[in-house]
Every structure is written in C-alpha cells, then in structure tokens.
Amino acid sequence: MSLLQFIDINIAGYHHARPGPARIFGFVAARDTIEPLRNYVYKREISNYEAVSVKQNTGMARLSLTSPVRVISMVAACALMEFELYVRTEDQLDDEPKGDCLIEGCTEFTSLHASQSYIEHRRLYGYNCALDVKFAVLINAVEARIDIKVLRLGAIASGVNLKVYAKTSGFREVIRLFEGAAPKPGATRCFVVAVETRNYLDLYIEGSPGDNSVLGQKEQALRSWWKCSFGSGYHCMDEQVAELGDFGEISVKVNWKSYRKRQS
C-alpha cells in the first residue's frame, strides 16, 4: 500500500497579540480510504487546550500531534484534510463551544502518487493564519504499530521525562511520537509509523529528570538514551527492552501490519 505519514503541523503567520502562550484547541483530521472516518491527527478540547509559544517575527507555533492516528492509506493517491482550530480567550468558560477562530476549512491533497517515496510540505491558508503540513508519502509500505510500556521508573526526586522519536525508511525527518512526563509503571502508549517494505524504522527513547535545572552536573549526566533499528515485515513482531539507566526500563513492541486493497 501507499501510506501517508504526517510528520509536523505548524501554525504560521499568526499575530498573537495577547501576553503569554496561545491556548489552542480544536482539531486537524484526515480521511482514510480504507476506513473513511475522521482520523484525528490533532485534537484538543477547550478544557484540554494546548499552550504553545508563538514566534513574534514569523507567527510560527508547533502543534503536538495526536497519536497513534498519523498514518492513512491512499488507494486513490489523494487524502482529504479537515481543520478547525481556535484560540481560547482569557474569560472563556469550559462549556463555551467556540473561541476566537484561528483557521478552519477542508482541502484535498491530490497527485500524491509516485514511483518512489518522498517528503513534502504544503501550506494551507486561512483568514487569520496558515497551517504548514509536512508529510511523507511512502510507496509499498506497511504499518509499524509501536507499544511503549513502562516497566520501571527510577527514583528521581523531580520525576522522569520521556522523549520517543522515530525516523522512517532512511529519511532524516524526525517524527515526534511522545514528549512529556513518563507514564506510570504498567501504563502503555501506542503509536503508528509507516515504513517502506525492505526498509527500517529507527526508534529513539530518552529519559531525563523532570526538572532539568540541576546545577553542578554535566549535560551528559542529565539524560540517558536508547536507540534501535527495526527491519520492516508484513505480519510479525519485534520486542526489545530499552535500558535507560537510573531513569528506568521501557518495553518496546513493534507489530507490523500490511493492508490489502478491497475488491470492488
């Protein structure tokens, strides 16, 4: 199958006049041709808004994409994008459905067919700002379904932060899967990354203190990282344990899944 992998979505050209970060909520979604429901790439309720820093000179702000639905199939070499984002105002209540409209619309990504995989960037324009969408089109690809389970966390007074990053099929672009406080032991986080057949998924996991403002220590002592490459398959599973030293242990399971085209 040809699969579309979302890498980054940024707000661009937004004039944020209020002090502090912009409090963003709403959704960005894509339609999957195999299961044609709304697949949320980004989704935040008004009570769970995301506070993002906006660069004054460019109006740029990076959204934290929702996992695991960042991969959709492209039987017809096209994808439908829907987006509706708002900025929560200072006096807005949680039960108020709308805020200041940031951008909304619907567009179709066409002409995505190619003989080789590639990375593309497209800008979607709105009244108050634009959306910069970076994605990979992967030809003859399968899904890597990644399960990250915390086995043990170190006794760090400030807590443990985790970063989970991926690269796919030899491309240099980093796919940020998770950034934040580590889940509790026993908790599992699931992600999906598209990978070419006969190619590799590179997975990177980093542990660091919850409060990085530790004085008198070298930077190398403030983190521990693990990296592994997984060869793609059609229907199989790979399993590893990420040893993060004093920060803990993480179970990593990669289940490979391929799709077959529906019969007309």
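A brief report on the enclosed structure follows. Note that the structure is predicted; figures quoted are calculated from it, not measured. (Residues numbered from 1 in each chain as written. Predicted model: local features only at pLDDT ≥ 70, side-chain atom pairs only at ≥ 80, totals over all residues. Heavy atoms only, no water.)

Observations regarding the environment of Val160
Line of reasoning, step 1. Relative to the helices and strands, Val160 is located in strand β12 (residues 160-168).
Line of reasoning, step 2. Those residues in contact with Val160, other than ones at most four positions away along the chain, are Leu153, Gly154, Gly180, Ala181, Ala182, Ser208, Gly210 and Phe247. (Helix = DSSP H or I, 4+ residues; strand = E, 2+ residues; numbered from the N terminus. Contact = heavy atoms within 4.5 Å.)

Some remarks on the sheet that holds strand β11 (residues 141-153)
Line of reasoning, step 1. What the 4 strands build is an open sheet, ordered β14-β11-β18-β17; its pairing is antiparallel. Either end of the sheet is taken by a strand with one partner, and the two such strands are β14 (188-196) and β17 (237-243). Direction aside, the axes of adjacent strands within the sheet are offset by 20° on average.
Line of reasoning, step 2. For β11 and strand β18 (residues 248-257), the ladder comprises 10 bridges, and the chain directions are antiparallel. Bridging from a neighbouring strand, Glu143 pairs with Lys257 of β18. (Pairing = 2+ DSSP bridges. Axes fitted to C-alpha atoms, helices over the stretch in contact; angles between N-to-C directions.)

Concerning the environment of Thr197
Line of reasoning, step 1. Here Thr197 shows up in the loop between β14 and β15 (200-209).
Line of reasoning, step 2. Considering only alpha carbons, one finds Thr197 and Asn140, 57 residues apart in sequence, at a separation of 6.3 Å.
Line of reasoning, step 3. Those residues in contact with Thr197 that lie beyond four places of it in its chain are Asn140, Ala141, Val142, Ser232 and Tyr234.
Line of reasoning, step 4. In terms of polar contacts, Thr197 uses its side chain to reach the side chain of Asn140, at 3.0 Å. (Polar contact = N/O pair within 3.5 Å; in protein donor to acceptor, adjacent residues only side chain to side chain.)

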